[in-house]
Amino acid sequence: MALTNRCDLACAHCYAPKSRDALRFDIVTQWLAELDSLGAFGVGFGGGEPTLYPEFERLCQHVARETGLSVSFTTHGHHIDEGLAEGLSGSVNFVRVSMDGVGETYESIRRRSFPALLARLKHIRSICRFGVNVVINERTLPDLNEAAIVAEDAGACELLLLPQIPVSGVPGITPYILHGLRRWVDDYRGALKLCINEASAEGFPTCNPLIEERGLRAYAHIDAMGVLKHSSYAETGIPLGEGSLLPGLDQLAHDLAENDT
Ligand code: SF4
């Protein structure tokens, strides 16, 4: 769930619309109660930057208290201080921190201090287990060894590899860089669990413990305008309004099946 489109960074590869749209707290909690009753495993909050959602801490606490859903979120990390970490501790099961490369590479992409990010990782580590996300392109692939070492030293347990998706004006990952990423994965001997998004997984050695759960059975995305999509990259979907989520899921499944035939 993209709680808000607000973000104070301006990464070139960003696909989130730069608008002030945000989901309403009461509607989010209503959808999450419904998903919980349907047997969903968990919710991942994102954005934009989810820590800029005004009631983010209260929302995570609510989900942990009122549902059986696991809670994770993806963040650039720069707003997580001691106070927010304390507020989220016990309510969040996993944090994903975006870290595209290290040092100057990171700073040229995110326009934030890399040492400042490392300081934030100490607070993030105190919340729960965390992983690091790296958008893979020609600038970040050469840093991947060092990024994995930095992440492991900071206490991360997972490295999520995200081959760059084309967005307006920014090209997707090239075949040459993708080939380099496959070789890097084959050679990796570190302790981090390596993960990749399903859409980019072809050609990588993957292990899926829930093989019947693919596509919409495994994942659906709700953007900050309340549109249900099969992926966060999808341009169209089903506007949910303020009602139940299930008819929207059925409609989206139906539309996807029609497109396949
Ligand atoms: S931090 Fe995330 S949401 Fe913000 S601009 Fe960068 S990629 Fe987009």
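Residues numbered from 1 in each chain as written. Predicted model: local features only at pLDDT ≥ 70, side-chain atom pairs only at ≥ 80, totals over all residues. Heavy atoms only, no water.

K.L.:
Mind laying out the site of the ligand, listing which residues take part and the relevant values?
P.N.:
Residues in contact with the ligand, as listed here, are Cys 7, Leu 9, Ala 10, Cys 11, Cys 14, Lys 18, Gly 48, His 76 and Arg 110. The residue makeup of the shell around the ligand, split by class, is five nonpolar, two polar and two charged. (Near = heavy atom within 4 Å. Nonpolar A, V, L, I, M, F, W, Y, C, P; charged D, E, K, R; others polar.)

K.L.:
Can you explain the sheet that holds strand β9 (residues 238-239)? Please cite residues and give values.
P.N.:
Taken together, the three strands give an open sheet; going across it, the order is β7-β8-β9, and neighbouring strands pair in antiparallel fashion. In this open sheet, the two strands that pair with only one neighbour each are β7 (221-222) and β9. Pairing between strand β8 (residues 227-229) and β9: two bridges, direction antiparallel. The residue bridging Leu 228 from the neighbouring strand is Ile 238, located in β9. (Pairing = 2+ DSSP bridges. Helix = DSSP H or I, 4+ residues; strand = E, 2+ residues; numbered from the N terminus.)

K.L.:
Account for the domain arrangement of the protein, naming residues and giving values.
P.N.:
Per the domain assignment, the segments making up the protein are domain 1 (1-75 + 208-261) and domain 2 (98-193). Across the contact, ten residues belong to domain 1 and eleven residues belong to domain 2. By the criterion of area lost to domain 2, the three top residues of domain 1 are Leu 9, His 13 and Tyr 233, representing 51% of everything that side buries. Along the contact surface separating domain 1 from domain 2 lie one salt bridge. In this structure, Arg 112 engages Asp 8 in a salt bridge whose closest nitrogen and oxygen atoms are separated by 3.8 Å. Run the count over domain 1 and domain 2 and you get three residue pairs in polar contact (both at pLDDT 80 or more). (Domains from an automatic or database assignment. Contact = heavy atoms within 4.5 Å. Buried area = accessible area lost by both parts, 1.4 Å probe. Salt bridge = Lys/Arg side-chain N within 4 Å of Asp/Glu carboxyl O. Polar contact = N/O pair within 3.5 Å; in protein donor to acceptor, adjacent residues only side chain to side chain.)

K.L.:
Could you give an account of the sheet that holds strand β4 (residues 130-136), with specific residues and numbers?
P.N.:
In any sheet, the strands associate via hydrogen bonds between backbone groups, in a parallel or an antiparallel arrangement. Across the sheet, six strands lie side by side as β1-β2-β3-β4-β5-β6; this open sheet has parallel pairing. Strands with a single pairing partner mark the edges of an open sheet, and in this sheet they are β1 (42-45) and β6 (193-196). Averaged over all adjacent pairs, the angle separating strand axes in this sheet is 20°, with direction ignored. Those strands touched by helix α6 (residues 144-154) are β4 and β5 (158-163), and its axis lies near 165° from that of β4. (Axes fitted to C-alpha atoms, helices over the stretch in contact; angles between N-to-C directions.)

K.L.:
Explain the packing of aromatic side chains to me, using residue names and the numbers behind them.
P.N.:
Here the structure, examined in full by the defined rule, presents four aromatic pairs. Ring centres 6.3 Å apart and planes at 80° place the aromatic pair Phe 45 and Phe 56 in the edge-to-face group. Taken together, the residues span a long stretch of sequence, with Phe 45 in strand β1 and Phe 56 in helix α2 (residues 56-66) at a distance of eleven residues. The exposure class of Phe 45 is buried, given its relative accessible area of 1%. When the ring of Trp 184 is compared with that of Tyr 188, the centres are 4.9 Å apart and the planes differ by 25°; the resulting orientation is stacked. Classification of Trp 184 by relative accessible area gives buried; the value is 11%. Given the relative accessible area of 15%, Tyr 188 is considered buried. Through a chain of ring-to-ring contacts, the aromatic side chains of Phe 45, Phe 56 and Phe 73 assemble into a single cluster. Cation over ring: Arg 58 sits above Phe 25, and NZ or CZ is 4.0 Å from the ring centre. (Phe/Tyr/Trp six-rings, centres within 6.5 Å; stacked < 30°, edge-to-face > 60°. Buried < 20%, exposed > 50% of the residue type's maximum accessible area, 1.4 Å probe, protein only. Lys NZ or Arg CZ within 6 Å of the ring centre and 35° of its normal.)

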